[in-house]
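Results of the structural survey
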Amino acid sequence: MLRIESPDVDALERGVAVLGSGGGGDSRTAATLLRRRLAEGLDVAVRPLDGLPPGARVVPVGVVGATAVFAEKLPGGHEVAAAVEAIQRWTGERADALVSIEIGGLNGVLPLVAACDLGLCAVDADLSGRGLPRLDQLSLAAAGRPLTPAALAEPSGQVLVQGTGAPADLERTARTFLPAAGGWAALALAPVPAGELAACCVTGSVSGAVRLGRRILALGESPDPGRLAAATGGRVLSVGRVVEVTRRPGPEVHGRPGFARGSVTLTGHASGELLRVEMENEYLLALRDGLVVASTPDVIAVLDRRTGVPIAGDTVRVGMEVMVLQVAISAFWTAPGRIGVLAPRAYGLDSDPVLLERGGESVDPGPEGRAQPGGAGA
């Protein structure tokens, strides 16, 4: 079992920020709330999934919506509890533990705060393994399980429960509800028995984020690219200066505008090569001189060259000195039948995935098609 202590919060915050892949929302507000709980003497226990009884009821929770608004429209502290209570009333089952819907960004920390407030333990797992934009991309949906019933609780007190529907239906309902909710809401899904959750989640993600954050923080400021790659088990794609940032509206789906799109282009200091990173809510695809060298579902993070702090897609600016890091995704997403859920074409990018093995070398994903580095253009 992992007990989060005050010194661990900085590491957790840095780890989940990297795993957000440029999205997921700012984790600083949630980290501040977690530090406050620890200062009050509350216990933050993160239990391994296999340490729970198979019949223990685990409720997935998180925040959905415009997470950038979260720091402006601060939570009252009741939102997650209200969503959990609503889903307990609907299903008639009590929660024994909470699990995050997403380890990347804000949702990598906030469920630990909610677990403290509700007197429950948090599970060392999540439903994403990184930052994701859509509910219908969660690991439960990828494994063929329903996401409904689900409850959404917004800051002013409204609670919406959707009893049935496909994962895509819940995604549409949430996006319709959120503008009237002020931009964000807490989400709780129906309890999942711990014995069944193992097959449809990413295990070890909380402790993994803490370890990742510790290793990066240990490098100090202006981390050496080679040491950064070794510490993360990843690959530094480029070190350079941002020379162009473009943003544009996303494609419309069923008459509604999609997530905003954009790209970040930097000139590498070593050889002057151009690296372009395509982004939606998260960084999705990296091209070096026009050839794809990295892609989702791997994590692509843009870090400040001096501080090593991850830079979100909505805050990256021309003139920044940055490093672009690729980190391998959990094996959950490379299994046959799942990789397509997060592959570039799931976002409308015409490229096969280009991923890393744990050792940092590129691999071929097999029958679902993953390109070798430099093998495709976009």
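Preceding this section is the structure that the text describes.
These notes cover the structure that comes with them. Predicted, not measured: the structure shown is a model, and the values here were computed from it. In every chain, residue numbers begin from 1 and rise along the written sequence. Per-residue local features of the predicted model are confined to residues with pLDDT of at least 70, and side-chain atom pairs are confined, for both listing and counting, to 80 or more; whole-chain, interface and lining totals are unaffected and use all residues. Water and hydrogen atoms were dropped before computing side-chain values, which therefore reflect all heavy atoms in the structure.

**Digging into the nonpolar core**
Grouped burial of nonpolar side chains is what soluble globular proteins tend to show. In these notes, a set of buried Ala, Val, Leu, Ile, Met, Phe, Trp, Tyr and Cys residues joined through side-chain atoms within 4.5 Å is what counts as a nonpolar core. Buried means the residue's accessible area, taken with a 1.4 Å probe over protein chains only, is under 20% of the maximum for its type, while exposed means over 50%, and partly exposed covers the values in between. Counting residues in each nonpolar core, the largest one holds 54 residues, and the members touching the most others are Ile 4, Leu 12, Leu 34, Val 59, Val 84 and Leu 112. Residue contacts follow a heavy-atom distance rule, with two residues in contact if any of their heavy atoms lie within 4.5 Å. Contact partners of Val 59, with chain neighbours within four places excluded, come to Val 84, Ile 87, Ala 95, Ala 97, Leu 98, Val 99, Ala 188, Leu 189 and Pro 191. Within the second largest apolar cluster, 32 residues are counted, among which are Leu 127, Leu 135, Ala 185 and Leu 189.

**Examining unusual backbone geometry**
Residue Pro 149 is reached from Thr 148 by a cis peptide bond, and omega for that bond is 0°. Secondary-structure assignment places Pro 149 in the loop between α5 (139-142) and β6 (150-153). Residue Pro 297 follows Thr 296 across a cis peptide bond; omega there is 10°. Tracing the sequence through the fold places Pro 297 in the loop between β15 (291-295) and β16 (299-304). Put simply, DSSP H or I for four residues or longer makes a helix, DSSP E for two residues or longer makes a strand, and each gets a number counted from the N terminus.

**Some remarks on helix α1 (residues 6-19)**
Every helix has an expected span of 1.5 Å times one less than the residues it contains. With 14 residues, α1 should cover 20 Å at 1.5 Å per step; its first-to-last C-alpha distance of 21 Å lies within 8% of that length. Burial analysis of α1 places 10 of its 14 residues in the buried class, the great majority of the element. Burial in α1 covers these residues: Asp 8, Val 9, Ala 11, Leu 12, Glu 13, Arg 14, Gly 15, Val 16, Val 18 and Leu 19. Of the surrounding elements, those touching the buried residues of α1 are β1 (2-3), α2 (28-39), α4 (110-118), α8 (205-218) and β16. Ser 21 sits one or two residues past α1 and shows a positive phi near 55°.

**Let's talk about the packing of aromatic side chains**
Centre distance within 6.5 Å is the pairing criterion for rings of Phe, Tyr and Trp, where only the six-membered ring of Trp is used; planes under 30 degrees apart are then read as stacked, over 60 as edge-to-face, and the remainder as tilted. Inspection of every chain in the model, using the stated rule, returns 1 aromatic pair. We call a charge positioned over a ring when the NZ of a Lys or the CZ of an Arg lies within 6 Å of the ring centre and within 35 degrees of the ring normal. The lysine or arginine in question, Arg 338, covers the ring of Phe 332, its NZ or CZ lying 3.9 Å from the ring centre.

**Concerning the packing of α1 against α8**
Two elements in contact, α1 and α8, have axes whose closest approach is 7 Å; the angle formed by their N-to-C orientations is 100°. With respect to α8, the axis of α1 lies roughly perpendicular. Counting all contacts with α1, which are made through Asp 8, Asp 10, Ala 11, Leu 12, Arg 14, Gly 15, Val 16, Val 18 and Leu 19, the residues of α8 involved are Val 206, Ala 209, Val 210, Leu 212, Gly 213, Arg 214, Ile 216 and Leu 217. By the convention adopted, Pro, Cys, Tyr, Trp, Phe, Met, Ile, Leu, Val and Ala count as nonpolar, Lys, Arg, Asp and Glu as charged, and the other residues, Gly among them, as polar. Of the residues belonging to the contact of α1 with α8, the class tally is 11 nonpolar, 2 polar and 4 charged. Orientation is described by axes fitted as lines to C-alpha atoms, over the contacting stretch for helices, and by angles from 0 to 180 degrees between their N-to-C directions. Any angle from 65 to 115 degrees is called roughly perpendicular, while one under 35 is roughly parallel, one over 145 is roughly antiparallel, and all others are oblique.

**Topic: the pairing of strand β12 (residues 261-268)**
With 7 of 8 residues buried, β12 lies mostly within the body of the structure. At least two DSSP bridges between two strands are needed for those strands to be called paired. Relative to strand β13 (residues 274-279), β12 runs antiparallel, the two being bridged by 6 bridges. Bridge pairing links Val 264 to Val 277 in β13.

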